[in-house]
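Results of the structural survey
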Amino acid sequence: MIYKSDQASLQGFLEDTSNLKTGHTPGVFFPETIEELSDLLKTAHTRNRRFTISGNGTGTTGGRIPMGDYVISMQKLDHISELVQIADDRANLTVQAGVLLDNVQKKAEQSGWFYPPDPTEKLCFIGSTIANNSSGARTFKYGPTRKHISRILVVLPQGDLLNLSRGACMADDNGMFRITLPIAGNIVLQSPQYCMPDTTKHNAGYFSEENMDLVDLFIGSEGTLGVIAEADLLLIRLPKSIISCLVYFRSIDDLFSFTRQLKDPENSASPRAIEFFDKQALEFLSAKYPEIPSQSDGAIFIEKETTPESEEADLETLFVLMESCNAMSDESWMALDREEQARMREFRHALPLLVTEWLRKQHDSKISTDMAVPEGKIRELFDFYRSSCEQQGFIYIIFGHIGNEHLHLNILPRDHEEFLMGKELYRKFISKVLALGGTLSAEHGIGKLKAEYLVEMYHEAGVREMARIKKSLDPFLVLNIGNLVPVAYLENENH
Ligand SMILES: Cc1cc2nc3c(=O)[nH]c(=O)nc-3n(C[C@H](O)[C@H](O)[C@H](O)COP(=O)(O)OP(=O)(O)OC[C@H]3O[C@@H](n4cnc5c(N)ncnc54)[C@H](O)[C@@H]3O)c2cc1C
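To start, this report covers the structure provided alongside it.

Here is what the cut-offs are and how they apply
Residues numbered from 1 in each chain as written. Predicted model: local features only at pLDDT ≥ 70, side-chain atom pairs only at ≥ 80, totals over all residues. Heavy atoms only, no water. Near = heavy atom within 4 Å. Polar contact = N/O pair within 3.5 Å; in protein donor to acceptor, adjacent residues only side chain to side chain. Areas by Shrake-Rupley, 256 points an atom, 1.4 Å probe, with all protein chains shown as cover. Helix = DSSP H or I, 4+ residues; strand = E, 2+ residues; numbered from the N terminus. Nonpolar A, V, L, I, M, F, W, Y, C, P; charged D, E, K, R; others polar. Domains from an automatic or database assignment. Core = buried A, V, L, I, M, F, W, Y, C linked by side-chain atoms within 4.5 Å. Buried < 20%, exposed > 50% of the residue type's maximum accessible area, 1.4 Å probe, protein only. Pairing = 2+ DSSP bridges. Contact = heavy atoms within 4.5 Å. Axes fitted to C-alpha atoms, helices over the stretch in contact; angles between N-to-C directions. Arc of directions from axis to C-beta.

**Focus: the site of the ligand**
In the vicinity of the ligand lie 35 residues, with Ile53, Asn56, Thr58, Gly59 and Ser128 positioned nearest. One of the backbone nitrogen or oxygen atoms of Gly55 is found 2.9 Å away from an oxygen atom of the ligand. Thr58 has a polar backbone atom sitting 2.6 Å from an oxygen atom of the ligand. About the coverage of the ligand: the protein hides 96% of its 990 Å² of free accessible area. When residues in the shell around the ligand are grouped by element, the largest group, three residues, is from helix α4 (residues 126–131). For the shell around the ligand, the class distribution of residues is ten nonpolar, 21 polar and four charged. When residues of the shell around the ligand are assigned to domains, at least three map to each of domain 1 (2–73) and domain 2 (84–237).

**A few points about the nonpolar core**
Core analysis: the biggest nonpolar cluster contains 101 residues, and Ile152, Leu214, Phe218, Leu233, Phe258, Ile300 and Leu440 have the highest contact counts within it. A per-element tally of this core places helix α13 (residues 454–473) first, with eight residues. Counting 24 residues, the second-largest nonpolar core is a separate cluster that includes Ala281, Leu285, Tyr289 and Leu359.

**Quick notes on the side chain of Arg138**
By secondary structure assignment, the location of Arg138 is in the loop between α4 and α5 (139–142). Accessibility expressed as a relative area gives 8% for Arg138, which makes it buried. Here the side chain of Arg138 touches Pro116 through a polar contact of 3.0 Å, landing on its backbone oxygen.

**Let's talk about the sheet that holds strand β19 (residues 406–411)**
Where strands meet in a sheet, backbone hydrogen bonds hold them as pairs that are either parallel or antiparallel. Taken together, seven strands build an open sheet; the order of strands is β16-β13-β15-β14-β18-β19-β17 and the sheet is antiparallel. Lying at the two open borders of the sheet, with one neighbouring strand each, are β16 (333–335) and β17 (367–368). Sheet topology places strand β13 (residues 241–249) next to β16; three bridges connect them, and they run antiparallel. Paired with Ser244 across the two strands is Ala335, which belongs to β16. Taken strand by strand, helix α7 (residues 252–263) contacts β13, β14 (273–278) and β15 (298–306), and its axis lies near 20° from that of β15. Packed onto the sheet, helix α10 (residues 338–360) meets β13, β14, β15, β16, β18 (396–401) and β19 and runs at close to 125° relative to β16.

**Some points on helix α8 (residues 279–286)**
Three or more residues of α8 are buried, namely Ala281, Leu282, Phe284 and Leu285. Seen end-on, α8 carries its buried residues on one side only, within an arc spanning 155°. Buried residues in α8 make contact with β13, β14, β15, α10 and β18. Where α8 begins, the capping side chain belongs to Asp278, and its oxygen is found 3.2 Å from the backbone nitrogen of Gln280.

**Points about the sheet that holds strand β3 (residues 51–54)**
Taken in spatial order, the four strands of this open sheet run β1-β2-β4-β3, and their pairing is mixed. On the outer flanks of this sheet lie β1 (2–4) and β3, each paired with one strand and no other. The sheet shows a mean angle of 25° between the axes of neighbouring strands, taken without regard to direction. Here β1 pairs with strand β2 (residues 28–30) via three bridges, running antiparallel. Following the sheet pairing, Lys4 is matched in β2 by Val28. Relative to strand β4 (residues 70–73), helix α2 (residues 34–42) is tilted by about 165°, and along the sheet it contacts β2, β3 and β4.

Right, here's the structure in full:
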């Protein structure tokens, strides 16, 4: 197995897109087979080694950044099988964890199939998207990654291999899972008993559901319970064609009214994605896209699946809705062919990249929210975000997945004082979101950056439950320590 410990090779593993700058590691292992990965973990305890799992470093919460632990890179586990049709409208694709999401999507599309999860950034590893239950714009129609996974092969913290198909290991009526493993022996594990928020997206803490599937405990566990080594992905038929458009509004009230109508099942608009850009986001983007109308107060990006036969009627429905909500129809951008749609996707992707670029020149990280609220509550949260930031004179942008009542607020601190003020405000945002019945993270997960806030959502009892689950599967505390479950809850029995 390749092992690297020279500074030049390590540097790339000390970063992701969180701007967290305190990472350090003695070295990085690159297992080339699942057996090598298992061997590393089998000997971890006796060699007194801890490991942080590394995907491709596009995460936003510092999850892959080691704080003194060794790194396991998933880079070399990148085998992708041939896809197999399993029903008229379903196919299966078996992949190892280090395959790029981009390659999965391209492989599916080349043969007329479609893998719906699309967390904007395509250069992430498929294993990480499963470990983080990644979402994205299409989650509005298709749900998060967990909906599209039928099997996972997990390497557990003591080195056991657990091959889990959906339905094979379900929690009983008391919420208990029972598994027998060659190394760890008999494990009896209680599934989380806390309730999940009533949001359409949620990715903070271990998944919980009555009679839940063990597969769902691992999906979204951010590498704290095991390493996702391989998975079976469920593919559906590629939609025949897509309408994409970016619709500008002079008034934010009109924009919200348009969004509500788009989501209304009575309307036949039924998009697969509804995304939002506020005025500041558009101003940020206008450096690269000068055609953005300056009098616009915000924009909505829509993607809708259609067919050549129904495209005209679908466009008509959309125009009628735009007109009824006073959209800036003439300035709006319609993309009906693949090239134009690729340009529009680039436009959407440009925003987080421009923000990251801006931040690299600053000393402090951004303060970013990833919180979602239940249906009908996003306007209240948006107004709260906006008025709070205006009061403090922050540079900020609000954008994201408005269809799922999930907007990202990014505060961009110009100096350390603003950073501290922003952190203070972040706590107020959490209280507001929780009071609205929302979630601390809708998609990016908790990682290292947000572990300290988990207790506000789950209280002591909920976080203790998570620590108990973690310790049942990782009794020697070997894997991804510092991610998701606050360390104090793992190391201190009194917590
Ligand atoms: C511009 C941009 C836009 C983004 N938009 C979205 C979005 O819309 N929705 C969304 O959900 N995310 C989004 N993300 C976040 C990101 O792409 C995802 O979180 C992705 O899953 C991270 O993949 P990675 O390979 O880069 O993982 P890394 O950043 O390397 O790691 C992420 C975490 O996963 C763990 N991990 C990695 N591989 C494994 C494995 N095989 N088994 C167990 N644990 C593992 C790591 O330890 C770490 O905790 C965006 C990121 C960027 C840069």
